[in-house]
Amino acid sequence: MTQKDQHILSIVQTDPLNLYRQLGSEGTATRRDYWQHIEKRVSAWWMDQYGIAGVAPQIIQGIIKFCSYSEPRRKALVSRWLAAQPLELEESALIDLPNWDEEIGREDFSLEAISVFSRLSLLDEPLIIIFDQLEGLRYNEQLLRKFGFAITELFTHVPNSLIICNLFPDRWDHFQEFFSDNRAFIDRASQHQIRLNRPSIEQIRGVLKTKLASVDTDLDTIFTTSQLNEILDASSSIRVILNRAATYYRHVVNGDPIALPASPTPPMAALPTINLDEVNRSDTADFNQRLLKLEQSFSKITQVFDVIATALSSITIEQPPAITEITTSDSPASLSDNNTSPTSLDNSKALSNLDKSNQTIFSPNHGNGLQKQFSRQDLVREYLKEQQALLHTKYSQPQIITDNDDFGKLATIAQAFQEISDFELDQLRLGRKVLPEHLVIDRGHQKYAIGFLGVGGTAFTTRIGNYNELVLNHSNTQFYLFRDLRHGEISGKVGKQHIANLNNASNGRFEWMNQSNRVTFELIYQLISDIQNQEVEFSLKRALDVLTTDYSDYWLIKVLK
């Protein structure tokens, strides 16, 4: 054991985080020397334990590089590299990691990466892998079958791990039925089944108290007794209770609308009861008490007329937020659009549980004694408005954006729109050549190919060149190729020429996905995903109707509606 080994061991035995504190100052040769030594030692240990097969040794090297860098740009590049994304030559040189092979299989790579972490966990604690929000798989049987296959592979190749799947009971029943031809998998996946009991009302009160404590608010003081009774309705699901609590919180703090039962006639059932007999109940009552009761009764009468006026008033609806069309050009525009700040308080899906067939929404008085009525579509619009603000805020935060993820989101959106629109989904092939991730929307009379290409270097040049071949071979198809602005400009001369060639084709466009475009794309996906995963209680058809109406100028809605 060398002196360096002894020093590293001594500081990490005191505190493992000393690796980042006591191995030299940022940017110094001493720090680089220590981390290169760690990389060499760990790589040698891995090859001695598990050999050099596959991409695991490179993944180990990338993990050490990520830990050694403190500069945000280098860490971001290593993150992209660990996600198997090709980099520009100068980018890979900056982090001292070789580019991945163009033909690398993403599924095999992902499985081997998880296997690396599971083997590393043998040195510490078991690896816990949790799959949540699986309800949406019921809408995509192909994806569900792939998920089952992936879980089987994890069982086989990922030791020392605990795999948890969170499902509603009816979804688990569907899961078992769907994989009835693979009992070995079902038996393996159901070794331990834990059915969670519903928390008691007191436990749910405790959850609400904890959430409100984060904004220095007490549960028993912000809500009235009747509001608490409505929130803690024992027949409601936990999610509905939390959403309802958030709705009432917003009602109390911001004056946002809440739901009242609707009926074919004006909501007279909501009128306060007036018992005028109480005024003269006793001839011996004190005159002041009788006068007080008269004043109270008069106040109630005033409330009655307010509600009647509301029921008879004409209604106006707020318009949805405007959506800006994307910008098309050969080079990226400014990376920063105007961000919309969200309200800083609570659950952005708070109003979702109010989307019931027999409800009308009223907001508090607006000064003139009248109230404004909200339709169930407006609840969807309220959700979209809040999610849009959150997405604008998250836009500037570090993220890993992959073509495969964007393709998956596009496929989810398109499959949902098949509920209200008639088209088929397909993909194109070009022999064994690698193409950008893309989806073809075939409307019979018109076909649209929508692709994503965020990689850099030679991978970009090769794939856009192959895409351009498709453009020439399929003149009856309109081709779009999107690249997120945050992936950066293409600097290579050949890559720029391919972009120009695509834009010059009568049936091809290269589009930069700016902040406005990205946020709207993610917003549509988020709404559909939340509905499918039962995170909100909107009907899918109603949500799609709102999207086709309010976002009719957005390029994707134009293609799908």
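All of these numbers come straight from a predicted model, not from anything done at the bench. For every chain, the first residue of the written sequence is number 1, and numbering continues from 1 along that sequence. Confidence filtering applies because this is a predicted model: local features only for residues at pLDDT of at least 70, side-chain atom pairs given and counted only at 80 or more, and all residues used for totals across whole chains, interfaces and linings. As a convention, hydrogens and water are excluded, and side-chain values are obtained from all of the structure's heavy atoms.

Asker: Lay out the overall build of the chain with the relevant residues and their values.
Answerer: What counts as a helix is a DSSP run of H or I of at least four residues, what counts as a strand is a run of E of at least two, and both are numbered from the N terminus. Each helix and strand counted, the chain has 21 helices and ten strands in total. Every accessible area reported is derived by Shrake-Rupley at a probe size of 1.4 Å, with residue values counting cover from the shown protein chains alone. Accessible surface for the chain amounts to roughly 30,700 Å². Of this, 51% is attributable to carbon and sulfur atoms.

Asker: Which residues make up the pairing of strand β9 (residues 477-484), and what values go with them?
Answerer: Accessibility here uses a 1.4 Å probe with only protein chains present; expressed as a share of the type maximum, an area under 20% marks a residue as buried, one over 50% as exposed, and anything in between as partly exposed. Within β9, eight of the eight residues are buried, which leaves it mostly tucked inside the rest of the structure. Along β9, one buried face is formed by T477, F479, L481 and R483 and the opposite face, lined by Q478, Y480, F482 and D484, is buried too. Taken together, the six bridges between strand β8 (residues 447-452) and β9 define a ladder with parallel strand orientation. Paired with I450 across the strands is Y480, a residue of β9. For a crossover, the right-handed case is the one in which the path from the first strand over the helix to the second runs clockwise, viewed with the strands pointing away from the viewer. Taken together, β8, helix α17 (residues 457-473) and β9 constitute a β-α-β crossover, and its handedness is right-handed. Sheet analysis places β9 next to strand β10 (residues 508-513), joined by six bridges and oriented parallel. Each residue of the ladder has a partner; that of R483, found in β10, is W512. Between any two strands, at least two bridges found by DSSP are needed for them to pair.

Asker: Requested: an account of the sheet that holds β8, with residues and values cited.
Answerer: Taken in spatial order, the five strands make up an open sheet running β6-β7-β8-β9-β10, and their pairing is mixed. For this open sheet the edge positions go to β6 (424-426) and β10, each flanked by a neighbour on one side alone. Shown here is a sheet whose adjacent strand axes are inclined to one another by a mean of 20°, direction ignored. Whether two residues are in contact is decided by their heavy atoms, any of which lying within 4.5 Å being enough. Lines fitted to C-alpha atoms define the axes here, with helix axes fitted over just the stretch in contact, and angles between the N-to-C directions of these axes take values from 0 to 180 degrees. Helix-sheet contacts for helix α16 (residues 403-417) involve β6, β7 (437-442) and β8, and the interaxial angle to β7 is about 20°.

Asker: I'd like a description of the nonpolar core, backed by residues and values.
Answerer: If you look at the biggest cluster of nonpolar residues, it comprises 42 residues, and the most contacted ones within it are L384, F417, I450, L527, L547 and L556. Secondary structure elements with two or more residues in this core: α15 (376-395), α16, β7, β8, β9, α19 (515-532), α20 (540-550) and α21 (555-560). The contacts of L547, once residues within four sequence positions are left out, are L384, F417, I524, L527, S552 and I557. Among buried residues, those of type Ala, Val, Leu, Ile, Met, Phe, Trp, Tyr and Cys that are joined through side-chain atoms within 4.5 Å constitute a nonpolar core. Among the nonpolar cores identified, the runner-up in size contains 22 residues, and Y395, V440, Y467 and F510 belong to it.

Asker: Describe a nonpolar patch on the surface, naming the residues involved and giving the relevant values.
Answerer: Patch construction takes residues with relative accessible area above 30% that form no salt bridge. Like charges are linked within 9 Å, and nonpolar side chains (Val, Leu, Ile, Met, Phe, Trp, Tyr) are linked within 5 Å. The rule for a salt bridge is simple: a side-chain nitrogen of Lys or Arg has to be within 4 Å of a carboxyl oxygen of Asp or Glu. Side chains of I128, I130 and L162 sit close together on the surface and give an oily, nonpolar patch of about 290 Å² of accessible area. Tracing the backbone through its elements, the reader meets L162 in strand β2 (residues 161-165).

Asker: Got a sec to walk through the packing of aromatic side chains? Specific residues and values, please.
Answerer: Each aromatic pair joins two rings of Phe, Tyr and Trp (for Trp, the six-membered one) with centres within 6.5 Å, and gets the label stacked for planes under 30 degrees apart, edge-to-face for over 60, and tilted for any other angle. Applying the stated rule across the entire model yields 21 aromatic pairs. Here the aromatic rings of F147 and F175 are separated by 6.3 Å at their centres, their planes lie at 75°, and the arrangement is edge-to-face. Of this pair, F147 sits in helix α7 (residues 141-157) while F175 sits in helix α8 (residues 169-178), placing them 28 residues apart in sequence. The class for F147 is buried, based on a relative accessible area of 12%. Using a relative accessible area of 6% as the deciding quantity, one classes F175 as buried. By the ring-pair criterion, three or more aromatic residues cluster together here, those being F131, F147, W172, F175, F178, F179 and F185. Two conditions define a charge sitting above a ring: the NZ of Lys or the CZ of Arg must be within 6 Å of the ring centre, and it must be within 35 degrees of the ring normal. The ring of F66 has K75 lying over it, and the distance from NZ or CZ to the ring centre is 3.9 Å.

Asker: Pulling in residues and values, what's your account of the confidence of the model for the chain?
Answerer: Confidence scores per residue from the predictor, reported as pLDDT, run from 0 to 100. Of all residues in the chain, 78% attain a pLDDT of 70 or more, and the chain-wide mean is 78. Across the chain, element-level confidence peaks in β8 with a mean pLDDT of 97 and bottoms out in strand β4 (residues 359-362) with 43. Below pLDDT 50 for its whole length, residues 260-285 participates in 31 contacts with residues either more than four positions away or in separate chains. Residue range residues 307-373 is modelled with pLDDT below 50. Its contacts to residues more than four positions away, or to other chains, number 164 contacts.

Asker: A description of α8 should follow, citing residues and the corresponding values.
Answerer: Looking at α8, one finds that the buried residues are R171, W172, F175 and F178. Looking straight down α8, one finds its buried side chains confined to an arc of 125°; they lie on one side. Where α8 is buried, its residues meet α7 and α9 (183-189). In this description, one arc is meant: the one made by directions from the helix axis to the C-beta atoms.

Asker: A description of the pattern of salt bridges should follow, citing residues and the corresponding values.
Answerer: Counted according to the given criterion, the structure contains 22 salt bridges. Linking K65 and D96 is a salt bridge whose minimum nitrogen-to-oxygen distance equals 3.2 Å. Placement of the pair is K65 in helix α3 (residues 56-68) and D96 in the loop between α5 (89-94) and α6 (106-121), with a sequence separation of 31 residues. The residue R244 makes a salt bridge to E230 at a minimum N-O spacing of 3.8 Å. With R244 in helix α13 (residues 238-254) and E230 in helix α12 (residues 225-231), this residue pair connects regions lying 14 residues apart in the sequence. Judged by relative accessible area, which is 11%, R244 ranks as buried. By sharing partners, the salt bridges in this structure join D406, K409, D484, R486, R518 and E522 into a single network.

Asker: Outline helix α10 (residues 201-213), listing residues and values.
Answerer: The length a helix should cover is 1.5 Å for every residue beyond the first. Between its first and last C-alpha atoms α10 spans 18 Å; for 13 residues at 1.5 Å apiece the expected length is 18 Å, and the two agree. Three or more residues of α10 are buried, namely I204, R205, L208 and L212. With its buried residues spanning 105° around the axis, α10 presents them on a single face. Exposed and oriented more than 90 degrees from the buried face of α10 are E202 and T210. At its buried positions, α10 is contacted by α11 (219-222), α12 and α13.

Asker: Go over the packing of α3 against helix α4 (residues 72-82) with me, naming the residues and quoting the values.
Answerer: At their nearest, the axes of α3 and α4 sit 9 Å apart, and the two run at 160° to each other. Of the possible angle classes, the one that applies to α3 and α4 is roughly antiparallel. The interaxial crossing formed by α3 with α4 has left-handed handedness. Residue-level inspection shows Q58, I59, G62, I63, K65 and F66 of α3 in contact with α4, the latter providing K75, V78, S79, W81 and L82. Across the contact of α3 with α4, the residue classes tally to six nonpolar, three polar and two charged. Here roughly perpendicular refers to angles of 65 to 115 degrees, roughly parallel to angles under 35, roughly antiparallel to angles over 145, and oblique to all remaining angles. By convention the crossing between two helices is left-handed if the near helix lies anticlockwise of the far one by an angle smaller than a right angle, and right-handed if it lies clockwise. Classification used: nonpolar for Ala, Val, Leu, Ile, Met, Phe, Trp, Tyr, Cys and Pro, charged for Asp, Glu, Lys and Arg, polar for all others including Gly.

Asker: Can you lay out the side chain of D484 for me, pointing to particular residues and giving the numbers?
Answerer: Relative to the assigned elements, D484 resides in strand β9. Judged by its relative accessible area of 4%, D484 falls in the buried class. In terms of polar contacts, D484 uses its side chain to reach the backbone amide nitrogen of R486, at 2.8 Å. Among residues more than four places away in sequence, those in contact with D484 are Y395, I401, W512, M513 and R518. Residues adjacent in sequence count toward polar contacts only when both atoms are side-chain atoms; beyond that, a polar contact is any pair of N or O atoms within 3.5 Å, and within protein one must be able to donate a hydrogen and the other to accept it.

Asker: Explain the packing of α15 against α20 to me, using residue names and the numbers behind them.
Answerer: Their axes nearest at 10 Å, the elements α15 and α20 cross at an angle of 70°. On the basis of the axis angle, α15 is roughly perpendicular to α20. Across from R376, Q377, V380, R381 and L384 in α15, the residues of α20 making contact are R542, A543, V546, L547 and D550. Residue composition of the contact of α15 with α20, grouped by class: five nonpolar, one polar and four charged.

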